Amino acid sequence: MLYTAPQEAVVGFLQSLFTADGTASQSDNGTNYIRLTSKSLHLLKGVQILLLNLGMKSKIYNRSRKERVCFTYTTVTGAQKEYKSDGKLFELHIGKESISQFINEIGFLFDKQEKNIMKLK
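Residues numbered from 1 in each chain as written. Predicted model: local features only at pLDDT ≥ 70, side-chain atom pairs only at ≥ 80, totals over all residues. Heavy atoms only, no water.

Student: What exactly am I supposed to notice about the environment of Leu 44 here?
Tutor: Along the chain, the position of Leu 44 falls in helix α2 (residues 41-53). Residues Leu 44 and Gly 12, spaced 32 residues apart in sequence, show a C-alpha to C-alpha distance of 16 Å. Sequence-distant contacts of Leu 44, that is, excluding residues within four places in its chain, are made with Leu 36, Ser 38, Ile 60, Phe 90, Glu 91 and Leu 92. (Helix = DSSP H or I, 4+ residues; strand = E, 2+ residues; numbered from the N terminus. Contact = heavy atoms within 4.5 Å.)

Student: Please explain the packing of aromatic side chains as it appears in this structure.
Tutor: Each aromatic ring pair is summarised here by two numbers: the centre-to-centre distance and the angle between the ring planes. Summed over the entire model, instances satisfying the criterion amount to 2 aromatic pairs. Geometrically, the ring pair formed by Phe 102 and Phe 108 is edge-to-face, given 5.9 Å between the ring centres and 70 degrees between the ring planes. For the pair shown, Phe 102 and Phe 108 are each scored as buried. Three or more aromatic residues link up through ring pairs in this structure, and these residues are Phe 18, Phe 102 and Phe 108. Between Arg 35 and the ring centre of Tyr 33, over which it is positioned, the NZ or CZ distance is 3.8 Å. (Phe/Tyr/Trp six-rings, centres within 6.5 Å; stacked < 30°, edge-to-face > 60°. Buried < 20%, exposed > 50% of the residue type's maximum accessible area, 1.4 Å probe, protein only. Lys NZ or Arg CZ within 6 Å of the ring centre and 35° of its normal.)

Student: Is there a simple way to think about the sheet that holds strand β6 (residues 90-94) in this case?
Tutor: Strand pairing in a sheet relies on backbone hydrogen bonds. The paired strands run either parallel or antiparallel. Across the sheet, 4 strands lie side by side as β1-β2-β6-β3; this open sheet has antiparallel pairing. Strand pairing shows two members of the sheet lacking a second neighbour, β1 (22-26) and β3 (58-62), which therefore form its edges. On average, each strand axis in the sheet is inclined to that of its neighbour by 25 degrees, with strand direction left out of account. Taken together, the 5 bridges between β1 and strand β2 (residues 32-38) define a ladder with antiparallel strand orientation. Pairing of Gln 26 across the sheet is with Asn 32, part of β2. Against the sheet, helix α1 (residues 7-21) touches β1, β2 and β6, its axis set at about 90 degrees to β2. Running over the sheet, α2 touches β2, β3 and β6 and is turned about 10 degrees from β6. (Pairing = 2+ DSSP bridges. Axes fitted to C-alpha atoms, helices over the stretch in contact; angles between N-to-C directions.)

Here it is in structure tokens:
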């Protein structure tokens, strides 16, 4: 259970998760943000607790939409198929007062967000 794991293990887990599915950027109006998106509200609530245990505030938003067909394709046998999205989507936003702490204590594993993080510092 990560709630009782050593801090290094928690940080490693969060680094991996945010590197895979997170975003760090600055919006057009100059607002800095770090976000993690997922179809799993349960996962994001767990991440929120881990961040709070490290002293970082966050908020979860429901960004779900209606179910829709994303694209259609033809299989090798000639059958028509549709790829559908159930529309479920949630975003965890790191609070602006916690962005610097996140960058300094967790960050991203690779240079994936390097340009964006440099803007936030």
